[in-house]
Amino acid sequence: MKVGIMQGSLREFDLAQVLQVVGLGRQYTGVELSLGGGRTGTIFVKSGQVVSASEGEQQGRDAFRDLFRSNEGDFFVFRQDTPPDLPEPLGTLDVLLLDALTERSNAFFERPSSPVNEQVTQSGVAPPSHLSAPMPPLRTPSIAVTPLPEALPAPVYVAPAAPAPVNVAPAASAPVNVAPVAPPPVNVAPASPVPLAPSVPPRKAAPATFGSRPPAFAAPAGDGKIVTFASPKGGSGKSTISLNTALSLARRGHSVILVDGDVNGDVLSAIDARGRARAGALDVVSGSARIEDALMDTVLTRFKLMPAVGPKLPDLDALSVDANGRWSALLGDLANRADVVVVDTPAGMFGVTRAILRASTHVVGVLQAEVLAARSFVRFSEGLATIPEEQRPAVVGVVLNMLQTRHHASLGVFQDALADLPSAWLFDTTIPRHPAFLDATHEGVPLRQLDESAPPPVAFLFDNLAGEIAERLAVRRVEAKPQRLLL
């Protein structure tokens, strides 16, 4: 019996993104495709493995690759009972996706024959050079990283002398619109590894300085984790990633505080709540407000926000005085109040961002899938290397954001990230460039709240990303308790 999960157009949600959403679940899941020209196909996935693929009479890996060659059509995702005898999997989803996306990327560099070329060739007249010359091969620059020590201890919190608090009575703030909805249909439990077939090329091994898997992360005093999202380049989507990932972590049952450290592009502007802030993190750091003045409740009890600033800018010069100790005191206090503290930072790896990183236990890099961002991403590891070892946060991973699977330059960054970044860093989940992000910002809500009855499929990718982060942090998922409809 088929149980439908979601459906949509491949123009709006690429097949690679659909498979990312459903591929990690432990349930037997199928994706039916209705493509242009009457073509149809089906892909079955389970626990991170591609179980089977078919297109007409074609089966296996060739069918899987062929299904990626069409940008037109619709998809329908469903679940059904697992057959008693499953075939040998075709391979892991991430490897097969890379194979298919690489082939799509390479297709951009193969100049197809055109009617213009055929006509001028038949007439015996040499075609103009801009029509006859082969397209030169393109490749985005390598993404360089600076080696860091394999074991990164948690930072040591040194609280400075507490500044005299301003006696501002905390005012009740209206809840921010982040109402919870029904849990997503995707099970993001970690997949059981299945040996790859010898013909499947493995992902590039990490350099010896990084180890073959993420390091074991040591928690600070208490169990709270302080996870900072950082990127050398502005406009990479840190605020969007921070907001939606923090919300997904809260939906998993963790208590989460989202702290905004970026006075330039703040999180509250993304959800159209700028006017509700009475104080912010920078006010607390400057000594002009208390933590209780800056924390904002939401309608989701496990999720709190701390904006960057209140109605007025604080004394920015005061922030440069003992900024490291003040951020450590603030984030250390919040870590004792929540399972995970998520921090959004300004662009760059220095200045305020560096002070926040020194006060954090972990960092997530955000790599925009564009050439300029790839060229500048070396500053991510270089910036971390400048932080004293005893205060340097552990790298949880790097998330590839704004991926455009139909553009060769964006796919080139994807390929280079897989080849050049340590394999322990890159998350399996990538976030695409999608119109739903603009719609959510226009409405002033997180992606999940754009349509509570039917969230856009891209919203489920943040549940996958939150699951990966929670697994790497060893944060236990809190099982939701059933609640009766009527009291």
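Everything discussed here concerns the structure shown above.
Residue numbering note: each chain is counted from 1, following its sequence as written. Under the rules for a predicted model, residues below a pLDDT of 70 receive no local features and side-chain atom pairs below 80 are neither given nor counted, while totals for whole chains, interfaces and linings still include all residues. Hydrogens and waters are ignored; side-chain quantities use all the structure's heavy atoms.

Some remarks on the overall build of the protein
A run of DSSP states H or I qualifies as a helix once it reaches four residues; a run of E qualifies as a strand once it reaches two. Both are numbered from the N-terminal end. Along the protein, the regular secondary structure elements total 16 helices and 15 strands. Relative accessibility decides the category of a residue: with a 1.4 Å probe and only protein chains considered, values under 20% of the type maximum give buried, values over 50% give exposed, and everything between is partly exposed. Across the 487 residues that make up the protein, the buried fraction comes to 52%. A sequence separation of at least 24 residues applies to 81% of the contacts in the protein between residues at least 6 apart. On the protein, roughly 22,100 Å² of surface is accessible, and the fraction owed to carbon and sulfur atoms is 55%. Throughout, a contact is declared for two residues whenever any of their heavy atoms are within 4.5 Å. Here the open area of atoms and residues is found with the Shrake-Rupley method and a 1.4 Å probe, where only the protein chains shown may cover a residue.

Considerations on the packing of helix α1 (residues 15–23) against helix α16 (residues 459–473)
Running from amino to carboxyl end, α1 crosses α16 at an angle of 50°, the nearest separation of the two axes being 9 Å. Compared by their axis directions, α1 and α16 come out oblique. At the point where α1 passes α16, the crossing takes the left-handed sense. The segment α1 lies against α16, with Q17, Q20 and V21 engaging F460, L461 and N464. When grouped by side-chain class, the residues that make up the contact of α1 with α16 number three nonpolar, three polar and no charged. To obtain each axis, a line is fitted to C-alpha atoms, and for helices this fit is confined to the stretch in contact; angles are then taken between N-to-C directions over 0 to 180 degrees. In these notes the angle categories are as follows: under 35 degrees is roughly parallel, over 145 is roughly antiparallel, 65 to 115 is roughly perpendicular, and the rest is oblique. In this scheme the crossing of two helices becomes right-handed for a clockwise turn of the near helix relative to the far one and left-handed for an anticlockwise turn of less than a right angle. Put simply, Ala, Val, Leu, Ile, Met, Phe, Trp, Tyr, Cys and Pro go in the nonpolar bin, Asp, Glu, Lys and Arg in the charged bin, and everything else, Gly too, in the polar bin.

A few points about the pairing of strand β12 (residues 340–344)
Of all the five residues making up β12, five are buried; the element is thus mostly covered by neighbouring parts of the structure. Residue alternation in β12 divides its side chains into two sets, V340, V342 and D344 and V341 and V343, and both sets are buried. Alignment of strand β9 (residues 256–260) against β12, held across five bridges, turns out to be parallel. Residue pairing for β12: I257 is matched across the bridge by V341. For two strands to be treated as a pair, DSSP must find no fewer than two bridges joining them.

Remarks on the side chain of T228
The topology assignment puts T228 in strand β8 (residues 225–230). Within the structure, the side chain of T228 is placed 2.6 Å from the side chain of S360, a separation counted as a polar contact. Once residues lying within four places of it in the same chain are set aside, the contact partners of T228 are V343, T345, I356, L357, S360, H362, V363 and V364. Pairing of N or O atoms within 3.5 Å defines a polar contact, subject to two protein rules: one partner must be a possible hydrogen donor and the other a possible acceptor, and residues neighboring in sequence count only if both atoms are side-chain atoms.

Digging into the environment of R433
In this fold, R433 is placed in the loop between β15 (431–432) and α15 (435–443). Put simply, R433 and Q368 are 65 residues apart on the chain and 9.8 Å apart in space, counted from C-alpha to C-alpha. Residues contacting R433, with those up to four places away along its chain left out, are Q368, E370, M402, L403 and Q404. For R433, the side chain forms a polar contact with the side chain of E370, separated by 2.5 Å.

Here's the deal with the sheet that holds β12
One open sheet accounts for eight strands, arranged β10-β11-β9-β12-β8-β13-β14-β15; its pairing is mixed. One side of each edge strand has no neighbouring strand; the edge strands of this open sheet are β10 (296–297) and β15. Against the sheet, α16 makes contact with β8, β13 (362–368), β14 (394–403) and β15, and its axis sits at roughly 165° relative to β14, the strand it touches most.

As for the pattern of salt bridges
Put simply, a salt bridge is a Lys or Arg side-chain nitrogen that is within 4 Å of an Asp or Glu carboxyl oxygen. According to the stated counting rule, one finds nine salt bridges in the structure shown. A salt bridge links R290 to D293, with the nearest nitrogen and oxygen atoms 3.2 Å apart. For R290, a relative accessible area of 26% gives the class partly exposed. Across the pair K304 and D297 runs a salt bridge, and its minimum N-O distance is 2.4 Å.

As for unusual backbone geometry
Positive phi, normally seen in glycine, also occurs at M402, with a value near 60°. Note on M402: relative accessible area 15%, which makes it buried. Notably, A474 is not glycine yet its phi reads approximately 60°, a positive angle. Looking at the secondary structure, you find A474 in the segment after α16. Assessed through its relative accessible area of 66%, A474 is described here as exposed.

Some thoughts on the environment of F76
Mapping F76 onto the fold places it in strand β6 (residues 73–79). Looking at F76, the relative accessible area reads 26%, which means it is partly exposed. For F76 and V31, which are 45 residues apart along the polypeptide, the C-alpha to C-alpha distance reads 5.7 Å. Leaving out residues up to four positions away in the same chain, F76 has contacts with G4, M6, Q7, G30, V31 and E32.

Focus on the nonpolar core
Grouped burial of nonpolar side chains is what soluble globular proteins tend to show. Judged by nonpolar contacts, the single largest core of 69 residues is most densely connected at L19 and F64. Of the residues forming this core, the biggest block, nine residues, is contributed by α16. Apart from the residues lying within four places of it in its own chain, the contact partners of F64 are L19, I43, V50, A53, L96, L97 and A100. V259, L282, A335 and A338 belong to the second largest nonpolar core, which has 26 residues in total. In these notes, a set of buried Ala, Val, Leu, Ile, Met, Phe, Trp, Tyr and Cys residues joined through side-chain atoms within 4.5 Å is what counts as a nonpolar core.

Things to note about α1
Most of α1 is tucked away: nine of the nine residues are buried. Every buried residue of α1 is listed here: L15, A16, Q17, V18, L19, Q20, V21, V22 and G23.

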